[in-house]
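Residue-level structure breakdown
What follows is the residue order along each chain.
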Amino acid sequence: MLMKLDFLSLQPAGCDKRKGTLILFSLNQSEESIERIRTVDTPAILDIKWCHRRVQDKIVFAVVNAIGQLIVYELVSPAENTLDLNIRELCSHQLDQGEANEILALSLDWSSRMHTNLTDLDRNSIRNPNLTNVELSSFRDPNIVDVQRSSFRESVVVSDSQGAVHLFHLTNSGLQLKRSWKGHGFEAWIAAFNYSQPSVFYSGGDDCLMKVYDVRQDGPVQTIREHGAGVTSIQYNPFIEHTLATGSYDEHLYTWDDRHFKSPKSKTPLGGGVWRIKHQSDLSILTATMYNGFHHIPADVEDSAKILEYNHHGSIAYGIDSCYAHEKYVVTCSFYNHLINLSVLE
């Protein structure tokens, strides 16, 4: 399943133009196309992510929006293996707006996106289009390997336009705000977990800083000053421990070893602000690079000749992702023209 977020230009609080839509698509592999299933009117959405584990035996995803909400939705089907799917709100939390009443929730991340359940053999099997949906679901369920479903609890980190980051736990009773930190002097554009050590997470802000947090500490435990402009994207590598990538308005993609933050492992110029990063596999990174389209970057990022570019949207490149089970399918979306495209890597 694919999700698209769509939003208009953000206006002052109370303006009725802060509207968006949540759109559910299905991927038709035989025709290599995407088909719209459901559309839900919402406040303008700034970020959206699937949870890679079932929560309370539910398939869920979360969004953050322009009125400061974190909302968790579940995917509902009346029967197994059908596309008669619906979207139902499971729970939500409203960030404290204060006197200004202008806080936007800008980004979110789940703690459980590490691909520890997939061996190399499993990954090759998932890429096999002859597998049935039932077989695929068994590979995608990490509960089989590393956690008892009855005791499982998810965490979500959220960043906001006032420079704060917030830690939530999703329990049977709903979302619980566990703690908040004031991390940045301006917008905290991005927050992301260390998937192999979920007590650690990161944030990036318009103050050009990336910060490291430990949930047991009262404030950030480390500050990285390497970026030349606002830090707009962070993603920990879900396939390889100790590795993460960051992007900035300074138009570079950085890769890091989380044990040595004194300097990045690599720094690659991409010609546009790196708004979103997706580790497509242990071999490549995808980026939405604002004013310079989209990029597919090999693990050996020093070889610029191997970087693939896609520049056919004609608007700000704002989102990119690949199919969890079949990585060759890549979806891109752009800002002002509200366009979503499906591409196939060959």
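About the cut-offs
- Residues numbered from 1 in each chain as written.
- Predicted model: local features only at pLDDT ≥ 70, side-chain atom pairs only at ≥ 80, totals over all residues.
- Heavy atoms only, no water.
- UniProt positions renumbered as here; feature names shortened; annotations may be inferred.
- Helix = DSSP H or I, 4+ residues; strand = E, 2+ residues; numbered from the N terminus.
- Phe/Tyr/Trp six-rings, centres within 6.5 Å; stacked < 30°, edge-to-face > 60°.
- Buried < 20%, exposed > 50% of the residue type's maximum accessible area, 1.4 Å probe, protein only.
- Salt bridge = Lys/Arg side-chain N within 4 Å of Asp/Glu carboxyl O.
- Pairing = 2+ DSSP bridges.
- Axes fitted to C-alpha atoms, helices over the stretch in contact; angles between N-to-C directions.

Examining the UniProt feature "repeat: WD" (unreviewed entry) in the protein chain
Per the UniProt record, "repeat: WD" (unreviewed entry) is annotated on residues 224-257. Taken end to end, residues 224-257 has its terminal C-alpha atoms 13 Å apart, with 0% of it in helix and 56% in strand.

Considering the packing of aromatic side chains
On inspection of all chains with the given rule, the structure shows 17 aromatic pairs. Here the aromatic rings of phenylalanine 193 and phenylalanine 201 are separated by 6.1 Å at their centres, their planes lie at 65°, and the arrangement is edge-to-face. One exposure class covers both phenylalanine 193 and phenylalanine 201, and it is buried. Here the aromatic rings of tyrosine 254 and tryptophan 256 are separated by 6.1 Å at their centres, their planes lie at 15°, and the arrangement is stacked. The residues tyrosine 254 and tryptophan 256 share a single accessibility class, namely buried. By way of ring pairs, the aromatic residues Trp189, Tyr249, Trp275, Tyr318, Phe335 and Tyr336 are connected into one cluster.

Quick notes on the pattern of salt bridges
Applying the stated criterion across every chain yields a total of nine salt bridges. For arginine 53, the salt bridge identified is with glutamate 154, shortest N-O distance 4.0 Å. Of this pair, arginine 53 sits in the loop between strand 4 (45-50) and strand 5 (60-65) while glutamate 154 sits in strand 9 (residues 154-160), and the two are 101 residues apart along the sequence. We classify glutamate 154 as buried; its relative accessible area is 1%. A salt bridge links glutamate 74 to arginine 88; the shortest N-O distance between them is 3.2 Å.

Topic: the sheet that holds strand 9
Overall, antiparallel pairing links the four strands, which are arranged 8-9-10-11 in an open sheet. The two strands at the open ends of the sheet, each matched to only one other strand, are strand 8 (105-110) and strand 11 (174-182). Sheet twist, expressed as the average angle between the axes of neighbouring strands with direction ignored, equals 25°.

Re the sheet that holds strand 12 (residues 190-193)
Strand order in this open sheet of four strands is 12-13-14-15, and the pairing throughout is antiparallel. Strands with a single pairing partner mark the edges of an open sheet, and in this sheet they are strand 12 and strand 15 (222-224). On average, adjacent strands in this sheet sit at an angle of 20° to one another, irrespective of strand direction. Two strands pair when backbone bridges link them, and strand 13 (residues 200-204) and strand 14 (residues 210-214) are joined in this way by five bridges, in the antiparallel orientation. The residue of strand 14 that forms the bridge with serine 203 is lysine 211.

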